[in-house]
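Observations on chain architecture
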Amino acid sequence: MDIKDYLSNKDFWDILCFDTLSSTNDEARRLGFDGAKEGTVISAKNQTNGRGSKGRTWLSADGEGLCFSVITRPNIAVDSVPAITLIAGLSVCTAIRRLTGIDALIKWPNDVVVGRRKICGILSESFASGYDLDFAVTGIGINCDTLCFPGELETIATSVIIESGRRINKARLLAEVLNEFEINYRAFVEDGFETVCEKYKALSAVLGKTVKIIGAQSFEAVAVDIGKGGELIVLEGNAERAVYSGEVSLRF
Ligand code: BTN
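As the structure is a computational prediction, the values presented were derived from the model and not from experiment. (Residues numbered from 1 in each chain as written. Predicted model: local features only at pLDDT ≥ 70, side-chain atom pairs only at ≥ 80, totals over all residues. Heavy atoms only, no water.)

Looking at the overall build of the chain
- The helix and strand inventory of the chain stands at seven helices and twelve strands.
- Relative to the 2.2 N^0.38 estimate, which gives 18 Å for 252 residues, the radius of gyration of the chain is 17 Å and therefore close to what a compact globule would have.
- Its C-alpha atoms give the chain principal-axis dimensions of roughly 55 × 45 × 30 Å.
- Relative to its 252 residues, the chain shows a buried fraction of 52%.
- Taking as baseline every contact in the chain between residues at least 6 positions apart, the subset at least 24 positions apart corresponds to 62%.
- Total accessible area on the chain stands at roughly 11700 Å², and carbon and sulfur atoms take up 48% of it.
- Between the centroid of the 28 positive side chains of the chain and the centroid of its 34 negative side chains there is a distance of 4 Å. (Helix = DSSP H or I, 4+ residues; strand = E, 2+ residues; numbered from the N terminus. Rg over C-alpha atoms; globule rule 2.2 N^0.38 Å. Buried < 20%, exposed > 50% of the residue type's maximum accessible area, 1.4 Å probe, protein only. Contact = heavy atoms within 4.5 Å. Areas by Shrake-Rupley, 256 points an atom, 1.4 Å probe, with all protein chains shown as cover. Lys, Arg positive; Asp, Glu negative; His and termini not counted. Charge placed at Lys NZ, Arg CZ, Asp CG, Glu CD.)

Some details on the site of the ligand
- What surrounds the ligand is a group of 20 residues, the closest being Ser-23, Gln-47, Arg-51, Ser-53 and Lys-118.
- In the environment of the ligand, a nitrogen atom lies 2.7 Å from a nitrogen or oxygen atom belonging to the backbone of Arg-51.
- Ser-53 places a main-chain nitrogen or oxygen 2.8 Å from an oxygen atom of the ligand.
- Those elements that provide at least two residues to the shell around the ligand are helix H2 (24–33), strand E3 (65–72), strand E6 (117–129) and strand E7 (132–143). (Near = heavy atom within 4 Å. Polar contact = N/O pair within 3.5 Å; in protein donor to acceptor, adjacent residues only side chain to side chain.)

Observations regarding the packing of aromatic side chains
- Per the stated rule, a full pass over the model turns up seven aromatic pairs.
- An angle of 55° between the planes, with centres 6.3 Å apart, marks the rings of Trp-13 and Phe-181 as tilted. Taken together, the residues Trp-13 in the loop between helix H1 (3–6) and strand E1 (14–21) and Phe-181 in helix H6 (residues 170–191) connect sequence positions 168 residues apart. With respect to burial, Trp-13 and Phe-181 carry one shared label: buried.
- Through a chain of ring-to-ring contacts, three or more aromatic side chains come together here, namely Phe-12, Trp-13, Phe-181 and Tyr-185. (Phe/Tyr/Trp six-rings, centres within 6.5 Å; stacked < 30°, edge-to-face > 60°.)

A word on the pairing of E7
- With ten of twelve residues buried, E7 is to be regarded as a mostly interior element.
- As defined by bridge partners, E3 adjoins E7 across eight bridges and the pair is classed as antiparallel. Following the sheet pairing, Thr-72 is matched in E7 by Ala-136.
- Bridge count between E6 and E7: ten bridges; the pairing is antiparallel. Bridging from a neighbouring strand, Ile-122 pairs with Ile-140 of E7.
- Here E6 folds back onto E7 in antiparallel fashion, the turn holding two residues, of which Gly-130 has a positive phi close to 70°. (Pairing = 2+ DSSP bridges.)

Printed below as a string of structure tokens:
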């Protein structure tokens, strides 16, 4: 079966599949500037220069992962783009749970984890003229068939096959993520992140936990809520703070 056969709404999506690209995000950016429509998806079996957050590399060789980037063109201010990344995390998490039964959760803002190990990373990039977003590229990498991760990844990464013992049909997984993404994204565009916030919170790996917020000034706090815009609300001592960006590590 083809990816299209698994899609709920074939009209919204325009899926371009490649064997090898340097990075699906780079190709999406190029196509975005060329005027590619909202709902264009660039997928590659292998990336030679897969990019992670904070300038890191994303390993994606041997066709073991599912790597793709989604172009969206919502009519929003550029500072609302992080919400799209959260929506992508929610959509991946829901799709993995539904297709595999793996107990995946979302580590704010958008890592999908199983226990303490990461199964999916997301890198969003926005392209704007001034305050208004022109288009966003949401790049998603899901570890699927990797049995052994090299070096330090061995203790912090996991994959669908490690967690479920089964090789997943990647076309099916891609379609399931896109089906979920479309539902959540439409709700967000029409009524804001608030409309999907409860779904997101139900799959949070951090709420109620003590976390370390890693940023310019790192600090420990208890994660207590997700705000209407997707920000993390934490309690540092008795003081409530909203965290809009940064990386979170779980302290058990
Ligand atoms: C992270 O570091 O957690 C983000 C990883 C994002 C990886 C994906 S794979 C598809 C897309 N293309 C890239 O070059 N990066 C993203």
